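Overview (structure and organization)
This is what each chain is made of:
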Amino acid sequence: MESRTLNAEILPENYRFLQEHVHSQVGIVLEDNKHYLFESRLAPIVKQHGLRSINDLCVVLRAKRDIDLDHQVVEAMTTNETYFFRDPAQYEAIRTVLLPRLKEEKRDTRNLRFWSAASSTGQEAYSLAMLLLENGLQEWTMQIFGTDFSDKMVERARSGIYQQIEVNRGLPAAMLVKYFRRCGLDWQLSDAVRRMVRFETIDLRKSMRTLGPFDLVFCRNVMIYFDNDTKRNIMKEIHSTLFRGGWLLLGGAETATSLEERFERLAVGNVTVYVAR
Ligand SMILES: C[S@@+](CC[C@H](N)C(=O)[O-])C[C@H]1O[C@@H](n2cnc3c(N)ncnc32)[C@H](O)[C@@H]1O
């Protein structure tokens, strides 16, 4: 539960300042009705810095003397929710349709590359790594790239360490036994899985042309936070990183109506896949 421990309403000019701050730093649009979100997410920062209110925090932010604080505020306002095998139907589509196709197409090079864009704490990238190992690709060269805006998330993802509550979400028990080891009260992914994934801090709004080419890109549950221009630019960049025929998977609540000229929409069972033209 997020706490609400502030003793002053956010002044309208400070609310607008915070909206603009978050938008300029990370691209996220927070609408006019997100007072609760600002209050609950920024309360711990206000407290940590010995300030009295979010209005005081805005005074410090406006002075632009503390880059770490700037970053801390932006990170607090991003949503990092993720879990293993989120949207299992998509992993099933990869297993049953994409992997058999790639095994055939890439049988000479035996080299596959994947990208989890906005990877948060890493469960998406590691779920894919385990799926690949479970499907007879051990002898192939496979690289999974995980990227996120947040240094804190990237650091956590690199550690491959998850709490009990996190491995209880979405991860089949057999995979926990097979690919994790105990690490105190937590669980750590095996070196074999961790070696397949590389995490970097990357802002999706920057040019990404040099990252590819990829066979599959996950860009899930992040586009919903951006304005339309930002979404369009990011989609263009992602398209440039995909092999022709490569797959883009978006989050369940995300559609890509403006993508028609670059991607073909393909239905795989109940899953919508965007195939790079
Ligand atoms: C809700 S999580 C999605 C995690 C995972 N893709 C999933 O679907 O489970 C959204 C992530 O997007 C990241 N993010 C937000 N804005 C970003 C940006 N401009 N560039 C890169 N990552 C960003 C956040 O730091 C956060 O970790």
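Here's what I pulled together on the structure shown here. (Residues numbered from 1 in each chain as written. Predicted model: local features only at pLDDT ≥ 70, side-chain atom pairs only at ≥ 80, totals over all residues. Heavy atoms only, no water.)

**Observations regarding the side chain of S127**
Note the following rule: Runs of E in the DSSP output that reach at least two residues are strands. Runs of H or I that reach at least four are helices, and both are numbered from the N terminus. Partly exposed residues are those whose accessible area sits between 20% and 50% of the maximum for their type, while under 20% is buried and over 50% is exposed, using a 1.4 Å probe and protein chains only. Here a polar contact means two N or O atoms within 3.5 Å. Within protein one must be a hydrogen donor candidate and the other an acceptor candidate, and residues neighboring in sequence count only if both atoms are side-chain atoms. Residues are treated as being in contact if the distance between any of their heavy atoms lies within 4.5 Å.
Relative to the helices and strands, S127 resides in helix α6 (residues 123-134). For S127, a relative accessible area of 0% translates into the label buried. There is a polar contact of 2.6 Å between the side chain of S127 and the backbone oxygen of Q123. When near neighbours in sequence (up to four residues on either side) are disregarded, S127 contacts F84, F85 and Y91.

**Considerations on the environment of M208**
Secondary-structure assignment places M208 in the loop between β6 (197-201) and β7 (214-219). Under the relative-accessibility criterion, M208 is labelled buried at 0%. For the pair M208 and W115, spaced 93 residues apart in the sequence, the C-alpha separation amounts to 11 Å. Those residues in contact with M208 that sit more than four places away from it in its chain are W115, I234, E237, I238 and T241.

**A closer look at the site of the ligand**
Applicable threshold: One heavy atom suffices: a residue is near a molecule or strand as soon as one of its heavy atoms comes within 4 Å of it. All accessibility values rest on the Shrake-Rupley procedure with a 1.4 Å probe; residue burial counts only the protein chains present in the view.
Lining the immediate surroundings of the ligand are 19 residues, of which T82, R86, A118, D148 and N221 lie closest. In the model, an oxygen atom of the ligand is placed 3.0 Å from a nitrogen or oxygen of the N80 side chain. Side-chain polar atom of R86 to an oxygen atom of the ligand: 2.8 Å apart, as the coordinates give it. For the ligand, whose free accessible area comes to 610 Å², the fraction covered by protein is 99%.

**Points about the pattern of salt bridges**
How we decide: The rule for a salt bridge is simple: a side-chain nitrogen of Lys or Arg has to be within 4 Å of a carboxyl oxygen of Asp or Glu.
According to the stated counting rule, one finds 16 salt bridges in the structure shown. R107 is paired through a salt bridge with E104; the nearest N and O atoms lie 2.7 Å apart. Here R107 falls in the partly exposed class, since its relative accessible area comes to 48%. Where R181 meets D191, a salt bridge forms, and the shortest distance between an N and an O atom there is 3.3 Å. Of this pair, R181 sits in strand β4 (residues 180-183) while D191 is found in helix α10 (residues 191-195), placing the two residues 10 residues apart along the sequence. The class for D191 is partly exposed, based on a relative accessible area of 38%. Salt bridges linked by common partners bring R181, D191 and R194 together as one network.

**Considerations on the pairing of strand β5 (residues 186-189)**
Quick note on the threshold: Strands are labelled as partners when DSSP assigns at least two bridges between them.
Sheet topology places strand β3 (residues 161-162) next to β5; 2 bridges connect them, and they run antiparallel. Bridge pairing in β5 places I161 opposite Q188. Relative to β5, β4 runs antiparallel, the two being bridged by 4 bridges. Bridging from a neighbouring strand, R182 pairs with W187 of β5. Remark: 2 residues form the turn of the hairpin made by β4 and β5, two consecutive strands paired antiparallel; G184 in that turn has positive phi of roughly 65 degrees.

**Quick notes on the packing of helix α5 (residues 88-105) against α6**
Here is the rule: Axis definition: a line fit to C-alpha positions, over the contact stretch in the case of helices; interaxial angles, taken between N-to-C directions, run 0 to 180 degrees. Each angle gets one of four labels, with under 35 degrees taken as roughly parallel, over 145 as roughly antiparallel, 65 to 115 as roughly perpendicular, and the rest as oblique. Crossings are sorted by hand: turned counterclockwise from the far helix by less than a right angle, the near helix makes the crossing left-handed, and turned clockwise it makes it right-handed. Residues are sorted three ways: Asp, Glu, Lys and Arg are charged, Ala, Val, Leu, Ile, Met, Phe, Trp, Tyr, Cys and Pro are nonpolar, and all the rest, Gly among them, are polar.
Following both chains from N to C, one finds α5 and α6 inclined at 45 degrees, their axes separated by 11 Å at the closest point. As the angle between them shows, α5 and α6 are arranged oblique. Of the two possible hands of crossing, α5 and α6 adopt the one that is right-handed. Facing Y91, I94, R95 and L99 of α5, the residues of α6 in contact are E124, S127, L128, L131 and L132. Each residue belonging to the contact of α5 with α6 can be placed in one class, and the counts come to 6 nonpolar, 1 polar and 2 charged.

**Some points on the side chain of E75**
Defined as follows: Note on charges: Lys and Arg go in the positive column, Asp and Glu in the negative column, and His and the chain ends are not counted at all.
Looking at the secondary structure, you find E75 in helix α4 (residues 67-77). Although buried, E75 forms no salt bridge, and the nearest oppositely charged side chain, K152, lies 4.1 Å from it.

**Focus on the packing of aromatic side chains**
To keep it simple, the criterion reads: Centres within 6.5 Å make a pair out of two Phe, Tyr or Trp rings, where for Trp the six-membered ring is used; the pair is then stacked when the planes are under 30 degrees apart, edge-to-face when over 60, and tilted otherwise. Two thresholds decide whether a charge sits over a ring: the Lys NZ or Arg CZ must be within 6 Å of the ring centre and within 35 degrees of the ring normal.
Enumeration according to the criterion identifies 9 aromatic pairs in this entry. With a centroid separation of 5.1 Å and an interplanar angle of 75 degrees, the aromatic rings of Y15 and F38 are classed as edge-to-face. Remark: F38 occurs in helix α2 (residues 35-48) and Y15 occurs in helix α1 (residues 12-26); sequence separation between them is 23 residues. Take F38: its relative accessible area is 0%, and that puts it in the buried class. Members of the aromatic cluster, joined through ring pairs, are F84, Y126, Y162, F180 and F199. In this arrangement the basic side chain of R62 is found over the ring face of F17, its NZ or CZ atom lying 4.4 Å from the centre.

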